[in-house]
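In case you want the letters, here they are:
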Amino acid sequence: MLAHCTDDRKTPECSTKSMDPVEYTLRKRLPRKLPKRRNDVYINMKTDFKAQLARCQKLLDGGAGHKEICIHGLGLAINRAINIALQLQAFSQGALQLAANTSTVELVDDLEPEDPDEAGEPLTRTRNNSAIHIKVFYPNA
């Protein structure tokens, strides 16, 4: 059974004193994603910026013929998502409009003991991270 920790660490099993970082390995779980549609683009910091921009441009102008796309960014990728949306708007000479929404996403991390025999049971920790969802669309569509 996994013990549950929150960021406030009020419980004794989740305090930083009882959890030696040498004894545990941090495993970050993937965030829960929204339903994936053909016009959804999830921005990350690992993929090249130009490749992500070209993919968005292709969805809007290519054979797919989408009149709108939704760009999603989480945490550090928020700035990149905003930058991509603004670049798309600039390339269209103002023909595209933007509508941005922000949210908070709850993420779960697993703390697995290095040595399961000595360290005890695995722990989970929840934390919050900011997210942005930008709708890029042609207004007369």
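The rules we used
Residues numbered from 1 in each chain as written. Predicted model: local features only at pLDDT ≥ 70, side-chain atom pairs only at ≥ 80, totals over all residues. Heavy atoms only, no water. UniProt positions renumbered as here; feature names shortened; annotations may be inferred. Helix = DSSP H or I, 4+ residues; strand = E, 2+ residues; numbered from the N terminus. Buried < 20%, exposed > 50% of the residue type's maximum accessible area, 1.4 Å probe, protein only. Contact = heavy atoms within 4.5 Å. Expected span 1.5 Å × (residues − 1). Arc of directions from axis to C-beta. Phe/Tyr/Trp six-rings, centres within 6.5 Å; stacked < 30°, edge-to-face > 60°. Lys NZ or Arg CZ within 6 Å of the ring centre and 35° of its normal. Salt bridge = Lys/Arg side-chain N within 4 Å of Asp/Glu carboxyl O.

- Looking at an unreviewed UniProt entry, one finds the chain named Ribonuclease P protein subunit p20 and attributed to Astyanax mexicanus.
- UniProt, in the comment section headed Function (unreviewed entry), describes the chain in these words: "Component of ribonuclease P, a ribonucleoprotein complex that generates mature tRNA molecules by cleaving their 5'-ends. Also a component of the MRP ribonuclease complex, which cleaves pre-rRNA sequences."
- Note on the chain: under the UniProt heading Sequence similarities (unreviewed entry), the record states "Belongs to the histone-like Alba family."

### A closer look at the overall build of the chain
Here is step 1 of the chain: Helix and strand counts for the chain come out as 3 helices and 6 strands.
Here is step 2 of the chain: Along the chain, from the amino end to the carboxyl end, the secondary structure elements read β-β-β-α-β-α-β-α-β.
Here is step 3 of the chain: A burial count over the chain gives 33% of its 141 residues as buried.
Here is step 4 of the chain: Taking all contacts inside the chain whose residues are at least 6 apart in sequence as the whole, residues at least 24 apart take part in 74%.

### Thoughts on helix α1 (residues 49-61)
Here is step 1 of the chain: Between its first and last C-alpha atoms α1 spans 18 Å; for 13 residues at 1.5 Å apiece the expected length is 18 Å, and the two agree.
Here is step 2 of the chain: Taken residue by residue, α1 has Q52, L53, C56, L59 and L60 as its buried positions. Seen end-on, α1 carries its buried residues on one side only, within an arc spanning 125°. Along α1, the residues that are exposed and aim more than 90 degrees away from the buried face are K50 and K58.

### Observations regarding the packing of aromatic side chains
Here is step 1 of the chain: For the structure on display, the rule yields 0 aromatic pairs.
Here is step 2 of the chain: Seen from the ring of F137, K135 lies directly overhead, with NZ or CZ sitting 5.0 Å from the centre.

### Describing the pattern of salt bridges
Here is step 1 of the chain: Summed over the entire model, instances satisfying the criterion amount to 4 salt bridges.
Here is step 2 of the chain: Where R37 meets D40, a salt bridge forms, and the shortest distance between an N and an O atom there is 2.8 Å.
Here is step 3 of the chain: The exposure class of D40 is buried, given its relative accessible area of 1%.
Here is step 4 of the chain: We note a salt bridge from D109 to R125, for which the minimum N-O separation is 3.7 Å. With D109 in strand β5 (residues 97-113) and R125 in strand β6 (residues 123-137), this residue pair connects regions lying 16 residues apart in the sequence.
Here is step 5 of the chain: We classify D109 as buried; its relative accessible area is 1%.
Here is step 6 of the chain: Judged by relative accessible area, which is 16%, R125 ranks as buried.
Here is step 7 of the chain: One continuous salt-bridge network, built from bridges that share partners, spans D109, R125 and R127.

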